[in-house]
Amino acid sequence: MEIHRYEKIWLAGALLLIVGFIATVSYGAVGAGIAMVDDEGGQVDPASLDDHPRFGEPGTYQSGENEYDVYVVARQFLFEPGTSEPIRVPAHSTVTFHVTSPDVIHGFEIVGTNANTMAIPGQVATITVEFGEPTEYGLLCNEYCGSAHHAMEGKIEVVPQSEWNESMVVN
Ligand SMILES: [Cu+2]
């Protein structure tokens, strides 16, 4: 059977597109470091977050030399801490964020970085971030969570080591 030359070119082009699309999807699934919120962070009772040893008093906890845990409650329509007072962490530190929600699904995105997770009621999302030089980051909710979703934002302050003091640690 004779296949016309142009038909071969179109076939090759179509195949190339299919391979390209599959490659993009595969990269997004495995290569870009994107993962579902899993069981690693554990589970909490969204109705009694106030009784939780950490989420009851959310904020920065020191867990090692230059290592910190930050507990954040995302609720309609603020981050606690983050919105009324910034989350403070020292420069050149490794920080693990533990984020959950007592009401509906929210997002927790550190603007300008690839740190981005969902905050799901009952489930604790954990992400570890290495901070460098002192700077400020915006915080954003990127899951539609209700009428004031667009106003749900906050701030992270990466404080110079010299200005960092123990009073910025919650416990
Ligand atoms: Cu929102």
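Please refer to the structure placed before this passage.
Residues numbered from 1 in each chain as written. Predicted model: local features only at pLDDT ≥ 70, side-chain atom pairs only at ≥ 80, totals over all residues. Heavy atoms only, no water.

Visitor: I'm lost on the overall build of the chain in this one. Help?
Guide: For the chain, the helix and strand inventory stands at one helix and ten strands. Ordered by position in the sequence, the α and β elements of the chain form the string α-β-β-β-β-β-β-β-β-β-β. Its C-alpha atoms give the chain a radius of gyration of 21 Å, clearly above 16 Å, the size a compact globule of 171 residues would have. Projected onto the principal axes, the alpha-carbon positions of the chain cover approximately 80 × 40 × 30 Å. The proportion of buried residues among the 171 residues of the chain is 34%. Across the chain, contacts joining residues at least 24 apart in sequence account for 66% of those joining residues at least 6 apart. Put simply, the chain shows about 10300 Å² of open surface, and 55% of that area lies on carbon and sulfur atoms. (Helix = DSSP H or I, 4+ residues; strand = E, 2+ residues; numbered from the N terminus. Rg over C-alpha atoms; globule rule 2.2 N^0.38 Å. Buried < 20%, exposed > 50% of the residue type's maximum accessible area, 1.4 Å probe, protein only. Contact = heavy atoms within 4.5 Å. Areas by Shrake-Rupley, 256 points an atom, 1.4 Å probe, with all protein chains shown as cover.)

Visitor: What am I meant to see in the coordination of the copper ion here?
Guide: As a benchmark, a tetrahedral metal site with four donors has ideal angles of 109.5 degrees, while an octahedral site with six donors has ideal angles of 90 or 180 degrees. Looking at the copper ion, the protein donor atoms are C141 (SG), E143 (O), C145 (SG) and H149 (ND1), and they sit 2.0 to 2.7 Å from it. Of note is the copper ion, whose four donor atoms meet at the metal with angles of 84 to 123 degrees in an arrangement that counts as irregular. In the primary structure, the donors to the copper ion are separated according to the pattern C-x1-E-x1-C-x3-H. Relative accessible area serves as the criterion here: at 5%, C141 is assigned to the buried category. (Donors = N, O, S within 2.8 Å, 3.2 Å for Na, K, Ca; no water. Tetrahedral: all angles 85-135°; square planar, octahedral: opposite > 155°, others 65-115°.)

Visitor: Sorry, what's going on with the pairing of strand β1 (residues 59-64) here?
Guide: Within a regular strand, side chains alternate between the sheet's two faces. Two strands pair when backbone bridges link them, and β1 and strand β2 (residues 67-75) are joined in this way by five bridges, in the antiparallel orientation. When the bridges of β2 are listed, G59 appears paired with Y71. Hairpin connection between β1 and β2: a loop of two residues separates the two successive antiparallel strands, and N66 in this loop has a positive phi of roughly 65 degrees. (Pairing = 2+ DSSP bridges.)

Visitor: Sorry, what's going on with the pairing of strand β6 (residues 106-110) here?
Guide: Where burial is concerned, most of β6 is hidden: five out of the five residues are buried. Alternating residues of β6 divide into H106, F108 and I110 and G107 and E109, and every residue in both groups is buried. For β6 and strand β7 (residues 116-119), the ladder comprises four bridges, and the chain directions are antiparallel. Across the sheet, H106 pairs through a bridge with A119, a residue of β7. From the end of β6 to the start of β7, which pair antiparallel, there are five residues, and G112 there has a positive phi angle of about 85 degrees. Pairing of β6 with strand β9 (residues 135-140), which is carried by two bridges, proceeds in the antiparallel orientation. Bridge pairing in β9 links I110 to L139.

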